[in-house]
Structure formats: structure tokens, C-alpha cells
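Chain and residue survey
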Amino acid sequence: MSRHLKIAAAQLGPLHRSDTRAAAVKRLVALLREANAGGAKFVVFPELAFTTFFPRWWMEDQSEVDARYFERRMPSPETQPLFDEAKKLGIGFYIGYGELDEEQGRIRRFNSAILVTPEGNIAGKYRKVHLPGHADHKPHAAFQHLEKKYFEVGNLGFRTFRFMDTITGMLICNDRRWPEAFRVLGLQGAEIVTLGFNTPTENLHYPEPPALRVHHHLIMAQSMAFQNAIWLVETAKCGAEDGFRMFGHSVIVAPTGEIAAKTVSEDDEVIVHNADLGLGENLRKTMFNLAAHRRPEHYKLIVERIGVEVTPSN
Ligand code: CDV
């Protein structure tokens, strides 16, 4: 049975270190209005959508990092206009941000995302689990990727939320490289998975053609969507941010693994697709009927072992 929700990916071009949060919010509001004009009811914004991708910089003054790049409250007075506009337009959204939380007197920092209902309520929160990069300063590298320095591993797990008459899960950027994350959401009935990303065009560790990095991004999105029979919305922040290029290629992928919509720029851009949530239902009843076909008794290593250990079977 067909059941439609008009979904948008609202891609951001670069947000430089010199850009204020107010400038970012103004652009996010403009994207929201464009998505609304296209009939979208649910908008997916990028990872760390209010600031530059700051883990590319080694910074020692943590209080300055906290003030410039982390949110102590969501919404805050500076981010409130986005929430107000979305509520006025009756649009739900996903957005990523640097979260500073205080738990029993201890400051904790996470790379987080939230789902906000069309009524303006926070329906769910996710804290990024797979943090790429390093924690040490690499002065000879072209740029840093310091997510392991600035964030803790998320402590909320992979959860799904009843949201806008759907079952929706959230992931963030590097999570899209790990099939386990998608499967855990799929096992909780996910119909839609939302994900914001910031992916440098260049590989920090070894030379790699930019086109190959985009190829990996697209084949992962298509396979994760198909193997879990979900609608997958992945939204970039991209372009030459602080002079460092990140690729766009934001996508809305159908449960069949087909790309339903894709951005063509590395700038602010909205794509919209009228997603039929019924499309995944048939797949989840047949080829990917998890209850009928999975054999978890043979998958134990997946949770028991982290890294590779060579284990000859005879
Ligand atoms: N923001 C990210 O998590 N970026 C990683 C890069 C470092 C590879 C990604 O997986 O896209």
C-alpha cells in the first residue's frame, strides 16, 4: 500500500570559521523555505550544521572551542529562528550540532543530531558512535580530523523514533560506513534513516582520487538502503570550507537501492522527493524478511569481536 511523505535534503555549502551562527541560521531558514515551496514536510540538514567543520583545526583553548562550536542548549537564542520557522511552516527536521552537556558536574561533548517535530518538539536525539580520525596533533598533515579529541563516543545507541507517522532512525556521517549501525536500526523497524555528513574530498591518510571517494559514498548509500529496505536521506555540508574541499552528492535513496534525487552543486541546494513508505514494506516481507531469514546464532562474532583476529577453522 502506498503511503507518501515528501522529504528534502537541504545541503549546505561552506560555513567558514569567520561565519557567525546567525549567518548559518539565516541560510538554514532560506533552505527550509525552499524545501517548503517544493512541498517538503520533512527536511534533513547536515552534520554540525551551525558551524564550520571545526575538527579540521587543532585548537588548545577548550573554552574558546566550547563557545564557538558547541551548543549548551538546543534551541538556543541564536538557533531559535530555525525552530520558529519550521513550526510556522509545519515542517519536521533533522539537524546535526556540537552538543555540550553537563552530567553530574562533568562536561561532556558529543557530535549530535536531533529530530524536531512539525510542532517544534524534540522527538529524539542521537550522539555519533563512530568517530573517525585521531586525537593527537598531526602538524605535517594537510589538515586535521580531530573528532576523537573533541567528542566522546555517543552513549545513546542506535534508536528509532515514531516521527511524523513513520519510524525514523538517525546516524551521522562516518556511521554510514558501518553496516552494523543500519542493521540495528532496521531491526527496530526503521522506515527512514537520516544522516548528515562532512566528507573531505581528500583522504587524510593516503592519496585517493576524489571520484573514488564519491563512488564509495554512493555505493554505500545504495547498498545500506536496499539491504535494510529503508528510505535513506544523506545530506552534505560541502564546498571549499576554510579552503578545504568537501564533496556534495547529497542523496535520497529508495528502499530499492535506487537514487531518487541527488544534488549537483557544492553549495546551498535543496532536493525533494515524494517518498512512498510502502515501497520498503514489500521488501521487508520478502527478500529482507529479517524474522524469516536471519541466522543470528552464526553472527555472534559481530558483537563479541572488535578487530580482526585470524582464526583458522581447521
Ligand atoms: N565527518 C566524518 O565523519 N567524516 C568522515 C571522513 C573523515 C572519512 C566520513 O566518513 O565521511
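Up top you'll find the structure we're talking about.
Cut-off values and rules
Residues numbered from 1 in each chain as written. Predicted model: local features only at pLDDT ≥ 70, side-chain atom pairs only at ≥ 80, totals over all residues. Heavy atoms only, no water. Helix = DSSP H or I, 4+ residues; strand = E, 2+ residues; numbered from the N terminus. Buried < 20%, exposed > 50% of the residue type's maximum accessible area, 1.4 Å probe, protein only. Core = buried A, V, L, I, M, F, W, Y, C linked by side-chain atoms within 4.5 Å. Near = heavy atom within 4 Å. Polar contact = N/O pair within 3.5 Å; in protein donor to acceptor, adjacent residues only side chain to side chain. Areas by Shrake-Rupley, 256 points an atom, 1.4 Å probe, with all protein chains shown as cover. Nonpolar A, V, L, I, M, F, W, Y, C, P; charged D, E, K, R; others polar. Salt bridge = Lys/Arg side-chain N within 4 Å of Asp/Glu carboxyl O. Arc of directions from axis to C-beta. Contact = heavy atoms within 4.5 Å. Pairing = 2+ DSSP bridges. Right-handed = clockwise from strand over helix to strand, strands pointing away. Axes fitted to C-alpha atoms, helices over the stretch in contact; angles between N-to-C directions. Parallel < 35°, antiparallel > 145°, perpendicular 65-115°, else oblique. Left-handed = near helix turned anticlockwise from the far one by under 90°.

What follows is about unusual backbone geometry. Among all residues save glycine, negative phi is the norm, and among peptide bonds the norm is trans. Cis geometry is adopted by the peptide bond preceding Pro-75, which originates at Met-74 and carries an omega value of 0°. In this structure, Asp-242 is a non-glycine residue whose phi angle is positive, near 55°. Note on placement: Asp-242 falls in the loop between strand E10 (239-241) and strand E11 (244-246). The class for Asp-242 is buried, based on a relative accessible area of 18%.

Phe-42, Tyr-94, Leu-171, Val-193 and Leu-232 are the most contacted members of the largest nonpolar core, which totals 44 residues. No other element matches helix H6 (residues 210-228), which puts five residues into this core. Ala-8, Ala-24, Ala-86 and Val-270 belong to the second-largest nonpolar core, a separate cluster that totals 27 residues.

Surrounding the ligand, one finds Glu-47, Phe-53, Lys-128, Pro-132, His-145, Glu-147, Cys-173, Asn-174, Arg-176, Arg-177, Asn-198 and Thr-199. Between Glu-147 and the ligand, the recorded distance is 3.2 Å, taken from a side-chain N or O atom to a nitrogen atom. Contact with the protein chains removes 89% of the 320 Å² of surface that the ligand exposes when unbound. The class makeup of the residues in the shell around the ligand is three nonpolar, four polar and five charged.

Moving on, we get to the pattern of salt bridges. Summed over the entire model, instances satisfying the criterion amount to 25 salt bridges. The partner of Lys-128 in a salt bridge is Glu-147, with the nearest N and O atoms 2.8 Å apart. One end of the pair, Lys-128, is in the loop between strand E5 (122-127) and helix H4 (147-150); the other, Glu-147, is in helix H4, with 19 residues separating them in the sequence. When its relative accessible area of 0% is taken as the criterion, Lys-128 is described as buried. Overall, Glu-147 belongs to the buried group, its relative accessible area being 1%. Here Arg-213 makes a salt bridge to Glu-208, at a shortest N to O gap of 2.9 Å. Both residues of the pair, Arg-213 and Glu-208, count as buried.

Attention now goes to helix H2 (residues 62-69). Val-65, Asp-66 and Tyr-69 are the residues of H2 that are buried. Taken end-on, H2 shows its buried residues confined to a sector of 105°, consistent with a single buried face. Exposed side chains of H2 directed beyond 90 degrees from the buried face belong to Ser-63 and Ala-67. Packing partners of the buried residues in H2 comprise helix H1 (21-37), strand E3 (92-103), strand E4 (106-116) and H4.

Tracing the backbone through its elements, the reader meets Met-170 in strand E7 (residues 166-172). Note on Met-170: relative accessible area 1%, which makes it buried.

Within strand E1 (residues 4-11), six of the eight residues are buried, which leaves it mostly tucked inside the rest of the structure. Note: E1 against strand E14 (residues 269-276), eight bridges, orientation antiparallel. The residue bridging Leu-5 from the neighbouring strand is Ala-275, located in E14. Tracing the backbone out of E1, into H1 and back to the parallel element strand E2 (residues 42-44) gives a crossover that is right-handed.

Let's shift gears to the pairing of E3. Buried residues dominate E3, accounting for nine of its twelve residues. Judged from the three bridges that link them, E2 and E3 form a sheet pairing that is parallel. Along E3, the bridge assignment pairs Val-44 with Tyr-94. Between the antiparallel neighbours E3 and E4 lie two residues, among them Gln-104 with a positive phi of about 45°.

With that settled, the discussion passes to the packing of helix H5 (residues 179-186) against H6. For any two helices packed against each other, one specifies the crossing angle of their axes together with the interaxial distance. Contact pair H5 / H6: the axes reach a minimum separation of 10 Å and the direction vectors enclose 30°. As far as their axial angle goes, H6 and H5 are roughly parallel. Like other packed secondary-structure pairs, H5 and H6 cross with a definite hand, here right-handed. Contacts between H5 and H6 involve Pro-179, Phe-182 and Arg-183 from the first element and Met-224, Gln-227 and Asn-228 from the second. The residue makeup of the contact of H5 with H6, split by class, is three nonpolar, two polar and one charged.

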